[in-house]
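Take a look at the letters that make up each chain.
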2 protein chains.
Amino acid sequence: MEAQSKPSPPAKDLPGEKAERIIEAMRQSVARRGVAGSTFDHVAREAGVSRGLLHYYFGTKERLLVEVVRREADLRFDALDRQLAEATDADAFLRLLQTSVDEMLRTDPTYVTLTFELFTLANRNEEVAEGFRDLMQRTRKHLADSLRAKEQEGVLHLTVDPESVADVLFSVGDGLTMRVLAEPDRDFGPAISAAIRSLRGLLDDA
Amino acid sequence: MEAQSKPSPPAKDLPGEKAERIIEAMRQSVARRGVAGSTFDHVAREAGVSRGLLHYYFGTKERLLVEVVRREADLRFDALDRQLAEATDADAFLRLLQTSVDEMLRTDPTYVTLTFELFTLANRNEEVAEGFRDLMQRTRKHLADSLRAKEQEGVLHLTVDPESVADVLFSVGDGLTMRVLAEPDRDFGPAISAAIRSLRGLLDDA
C-alpha cells in the first residue's frame, strides 16, 4: 500500500498573509460547523480566496485541518516557552503549565476539541494519522527540551526521562481538559490539585 | 431553548436480544465506517431489524451512539471490578488498572476511539453532550466507589478525595491510550511506568 505509507509532501509555501487567512477561516469554520460541516467552499469564501487556490495549496480538507492544528500548536508553544522562562522551581513550572491550560480553556477551547477531532479522524484517514502522529511527537519533544533546559538551569530535577514526563504531563492535561469541557459546571479545583500533586512525583526541585 | 436543556427520555426498554444486536451492529459499523458514515440503514440491515424499529427505540444516531458507549462502559466496569477485587496493595491496584487498559487496547481499541468521538460530537449536539457528561460522571463515581471500598478494606490509602483520584486516573489513562494509538510503533513502557510513579502520589499503601 505505497499510497498509504508514503508521507505526503509538505504543504506548499503560501504567501504568509493568505495562509493565515485560510487557516484562520478553517479554524473558525470548524469551531462553528464541525469538521464534517466545513467545506472548501465555506473556507474559501470566508478567507476571501478562490476554491482553486485552497485546493492547490492544501489538497484535502484533512490536510488543511492538520495545518490548522500544527500552526496552533507552534503558536501555543512560543507563548508557553516565554512563560516557562520565568519558572524558578518545580511548583512554579507546573503552575505555569496549568495557567496556560486554564487560559486556553477560557479563551479558546476550540483548539482542545480540534486535537481530539484530529485523533478521531486519524482512525480513518492515513494523512491525518501521519499529521497527528507528527503533532504528538513534536509537542512531546518540545516539552521534553524545555524540561531538559530547566534541569540544566538548576530549576528542577526530573525523576524519569524527559520524554516520559512530557507524555504524562500532556496526557493528564488532555484528559482533564476533556472533562472540564464536558462538565463546565463542576468544580475541577480538587482534581487539578490532585493532578499537580501526582506530577510532582516526576518533577522535583533541583 | 427548552428543547436543548430538557434531558431526553431514557431509551425505551428493548427485548434484550434485539438491543444487543442493534448495539453490536452500531459498534461494528462505527469501527468500520466512522460515526459520520454509519446510517440507520446500515445498522438496521446488519442487526437484522427494521429501520423503523431502530428509529422507534433510539430516535437518533447520536442517541444510539451514547447507548453503545454507555453499555460498553458498564461491561468494562463489571470486568474491572472483578479484577480489582484481587488487589492487595496500591501497586497491585494500579497494575490491574494498567492491565485492563492494555487488554482493551489489544483486543478492542474501538471503545477508546468511540469515547473521543463522543466528546467531539458533544460539542455540536446537546443530546450527546448530556450523554457524555453522564458517562464521565458515572465512570468517575464508579471508580471512586471502588477506591473507597479498597481503602475501607485496608488495601490502600488515598492522599486526596476519591473522585479526584478517579479523575486523574482516567485522565492519564485517556491521554496515554490516545498517544499509544497514535504512535503504535513507539515503546510506551517508560511513559506508562512514569504515569504509575506519578499516580503513586495519590495512592499509598494502607
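Calculation notes
- By convention here, each chain's residues receive numbers from 1 onward along its written sequence.
- Following the order in which they are written, the chains are lettered starting with A and the ligands numbered starting with 1.
- Where totals are concerned, whole chains, interfaces and linings use all residues; where local detail is concerned, this predicted model gives features only for residues with pLDDT of at least 70, and gives and counts side-chain atom pairs only at 80 or more.
- To get the side-chain values, take all heavy atoms of the structure and skip hydrogens and water.
- Among buried residues, those of type Ala, Val, Leu, Ile, Met, Phe, Trp, Tyr and Cys that are joined through side-chain atoms within 4.5 Å constitute a nonpolar core.
- Exposure is judged per residue with a 1.4 Å probe applied to protein chains only, and the accessible area is read against the type maximum: over 50% gives exposed, under 20% gives buried, and values in between give partly exposed.
- Residues count as neighbours in contact if any of their non-hydrogen atoms are within 4.5 Å of one another.
- Least-squares superposition of the copies uses the C-alpha atoms of those residues scoring a pLDDT of at least 70 in each of them.
- Residue-level confidence of the predictor is what pLDDT reports, using numbers from 0 through 100.
- Reported domain spans reflect what an automatic or database domain assignment gives.
- Buried area: the accessible area, evaluated with a 1.4 Å probe, that two parts lose upon being put together, summed over both parts.
- Salt bridges are identified by distance alone: a Lys or Arg side-chain nitrogen within 4 Å of an Asp or Glu carboxyl oxygen.
- UniProt positions are given in the numbering used here, feature names are shortened, and annotations may be inferred rather than shown by experiment.
- Going along the chain from the N terminus, every DSSP run of H or I of four or more residues is numbered as a helix, and every run of E of two or more is numbered as a strand.
- Definitions used throughout: a 1 Å grid over protein atoms alone; a cavity as a set of points that fits a 1.4 Å probe which cannot get out; a pocket as an open set with protein on both sides within 12 Å along at least five of seven lines; a lining residue as one with an atom within 4 Å of a point.
- Grid points are joined across faces, edges and corners, and a volume is the space filled by probe spheres set on the points.
- Note on residue classes: Ala, Val, Leu, Ile, Met, Phe, Trp, Tyr, Cys and Pro are nonpolar, Asp, Glu, Lys and Arg are charged, and everything else, Gly too, is polar.

## Observations regarding the nonpolar core
Soluble globular proteins: nonpolar side chains tend toward being buried together.
Logical step 1: Counting 74 residues, the largest nonpolar core has A:L64, A:F132, B:L64 and B:F132 as its most contacted members.
Logical step 2: Other than its neighbours up to four places away in sequence, B:F132 contacts A:M178, A:A182, B:T115, B:L118, B:F119 and B:A122.
Logical step 3: Core analysis: the next-biggest nonpolar cluster, separate from the first, contains 57 residues, A:A92, A:A191, B:L96 and B:L158 among them.

## With respect to the relation of the copies chain A and chain B
Logical step 1: For the pair chain A and chain B, the relating rotation is 180°, the translation along its axis is 0.0 Å, and the fit reaches an RMSD of 0.0 Å. Viewed as a symmetry operation, the transformation between the two copies matches a two-fold axis.
Logical step 2: Taken together, the interface assignments show that 100% of the residues at the interface of chain A recur at the interface of chain B, consistent with an identical surface on both copies.

## A short note on the confidence of the model for chain A
Logical step 1: With 93% of its residues at a pLDDT of 70 or more, chain A shows a mean pLDDT of 88.
Logical step 2: Of the regions scoring below 50 in pLDDT, residues 1–10 of chain A engages in ten contacts with residues more than four places distant in sequence or in other chains.

## Some points on the domain arrangement of chain A
Residue and element names in this part refer to chain A.
Logical step 1: When cut into domains, chain A gives domain 1 (10–59) and domain 2 (66–205).
Logical step 2: One C-alpha centre belongs to domain 1, the other to domain 2, and the line joining them spans 27 Å.
Logical step 3: Each side of the interface is counted separately: domain 1 has ten residues, and domain 2 has nine residues.
Logical step 4: Regarding the contact of domain 1 and domain 2, the summed buried area is about 850 Å², with carbon and sulfur atoms giving 69% of it.
Logical step 5: Of all residues in domain 1, the largest losses of buried area upon contact with domain 2 belong to I23, R27 and V35, amounting jointly to 61% of the total for that side.
Logical step 6: There are three salt bridges connecting domain 1 and domain 2.

## Section: the UniProt feature "DNA-binding region" (unreviewed entry) in chain A
Logical step 1: Residues given the UniProt feature "DNA-binding region" (unreviewed entry) here are residues 39–58 of chain A.
Logical step 2: Between the end C-alpha atoms of residues 39–58 of chain A there is a gap of 13 Å, over a span that is 80% helix and 0% strand.

## Observations regarding empty space enclosed by the protein
All names here are of chain B.
Logical step 1: Scanning the entire structure with this criterion turns up one cavity of 30 Å³ or more.
Logical step 2: Size it by volume and the largest cavity reaches roughly 30 Å³.
Logical step 3: Surrounding the largest cavity, V66, V69, R70, L118, G131, D134, L135 and R138 form its lining.
Logical step 4: Those elements giving two or more residues to the lining of the largest cavity turn out to be α5 (61–84) and α8 (126–152).
Logical step 5: Broken down by element, the residue count for the lining of the largest cavity peaks at four residues, all from α8.
Logical step 6: Considered class by class, the residues forming the lining of the largest cavity number four nonpolar, one polar and three charged.

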